[in-house]
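Observations on chain architecture
The primary structure of each chain is shown beneath.
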Amino acid sequence: MRIPFLQKVAVRKITSDASGAAREQATALLESLLQELPELLLATVVDLPSGRLLAAYTKQAQSDPYKITASTVATARQLARIANQPGLAGQELQDIVLVLENQLYVLRLTANQPWSCLLLVNVHDTNLALAREVLRQHCS
Amino acid sequence: MSVTVAPNQTVQEILKELPSLVAVAVVETETGMPLAAHSNVASFDIETAAAYNTEVVKQKLKAISALKLNQTIQDILLTLTDQLHLLKLSPNGSKFIYLAVNSRDTNLAVARQVLKAHTDVLS
């Protein structure tokens, strides 16, 4: 017998493949995000030069953070080229927000390291301004 | 019967509402080429920008399907040092409006409202 609520595995744990200082910093970044936005659906920290997932947190079992790492890296690299476009000299990308039907997807580059931090929240509990501001504070 | 507006007219109407915008274009998602465009900054190459941004849209569509979120993209917002770039897909996803504004004279809420009103009737 399939009981729907037993099929939905709640994960709610920060996982990390990295080691040393990078692991500590990436995990600390996610912990601080979770403290401000405890209901967030998914958050990842990716090292852009190597394309490696440093730390990840997910609330939903079906959203696998490892599967989106490649597309996150590709997007971040594409966005880094935006400043090369004619007419955009001197502009630097700060963040990218995707407004979905009832979720918000926010990607931001961290200030010191070449890392990207991805945040996925539900619009029912977190608005666009709040999600961007929390990510801005913790990534700078 | 729903009323639809041609890309050229959409660009003119957005320009009327936001006269100080940096650039605006109606772009075909499949090819990345603008159907209608206007730029207030001479050095801003809207054809190149449209092509770059189409790749961003396609990459994001892939990311959303990889995450199995069962959600559709409503809009995409890029924050630059002092510009905001917004992309809003038409209801069937075949076209998108690309709008670039200076964040000093147009805030995000205003830019999103203007785009929302125009994408719903885009033919």
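We now turn to the structure provided with this report.

The rules behind these values
Residues numbered from 1 in each chain as written. Chains lettered and ligands numbered in written order. Predicted model: local features only at pLDDT ≥ 70, side-chain atom pairs only at ≥ 80, totals over all residues. Heavy atoms only, no water. Helix = DSSP H or I, 4+ residues; strand = E, 2+ residues; numbered from the N terminus. Rg over C-alpha atoms; globule rule 2.2 N^0.38 Å. Buried < 20%, exposed > 50% of the residue type's maximum accessible area, 1.4 Å probe, protein only. Areas by Shrake-Rupley, 256 points an atom, 1.4 Å probe, with all protein chains shown as cover. Lys, Arg positive; Asp, Glu negative; His and termini not counted. Charge placed at Lys NZ, Arg CZ, Asp CG, Glu CD. Polar contact = N/O pair within 3.5 Å; in protein donor to acceptor, adjacent residues only side chain to side chain. Contact = heavy atoms within 4.5 Å. Expected span 1.5 Å × (residues − 1). Arc of directions from axis to C-beta.

1. Details of the overall build of chain B
Counting secondary structure elements, chain B contains three helices and five strands. Tracing chain B from N to C terminus, the helices and strands come up as α-β-β-α-β-β-β-α. Computed over the C-alpha atoms, the radius of gyration of chain B is 14 Å, within 12% of the 14 Å expected from 2.2 N^0.38 for a compact globule of 123 residues. Expressed along its principal axes, the backbone C-alpha trace of chain B runs to roughly 40 × 40 × 25 Å. Split into buried and exposed, the 123 residues of chain B put 51% on the buried side. Just so you have it, chain B exposes about 5,600 Å², and 52% of that area is on carbon and sulfur atoms. The averaged location of the 11 negative side-chain charges in chain B is 8 Å from the averaged location of its 10 positive side-chain charges.

2. Some details on the side chain of threonine 29 of chain B
Residues and elements named next belong to chain B. In this fold, threonine 29 is placed in the loop between strand S1 (23–28) and strand S2 (34–39). Reaching out from threonine 29, the side chain makes a polar contact with the backbone oxygen of glycine 93 at a distance of 2.9 Å. In this structure, threonine 29 is in contact with Thr54, Val57, Lys58, Leu89, Gly93, Ser94, Lys95 and Phe96, ignoring residues within four places of it in sequence.

3. Overview of helix H2 (residues 46–66) of chain B
Residue and element names in this part refer to chain B. Between its first and last C-alpha, H2 extends 30 Å over 21 residues, near the 30 Å set by a 1.5 Å rise per residue. Turning to H2, its buried residues number three or more, namely Ile46, Ala49, Ala50, Asn53, Thr54, Val56, Val57, Gln59, Lys60, Ala63 and Ile64. Its side-chain oxygen at 3.2 Å from the backbone nitrogen of glutamate 47, aspartate 45 defines the N-terminal cap of H2. Downstream of H2 by one or two residues, lysine 68 has phi in the positive range, about 50 degrees.

4. A short note on helix H4 (residues 128–139) of chain A
Taking 1.5 Å of rise per residue, 12 residues should cover 16 Å, and H4 of chain A covers 17 Å from first to last C-alpha, within 8% of that figure. Listed in full, the buried residues belonging to H4 of chain A are Leu128, Ala131, Arg132, Val134, Leu135 and Cys139 of chain A. Buried positions in H4 of chain A, seen along its axis, are confined to an arc of 165 degrees and lie on one side of it. In this fold, the buried residues of H4 of chain A make contact with helix H2 (20–36), strand S4 (93–100), strand S5 (103–109) and strand S6 (115–122) of chain A together with strand S3 (73–80) and helix H3 (108–119) of chain B. The backbone nitrogen of alanine 129 of chain A lies 3.2 Å from a side-chain oxygen of the residue at the head of H4 of chain A, namely asparagine 127 of chain A.

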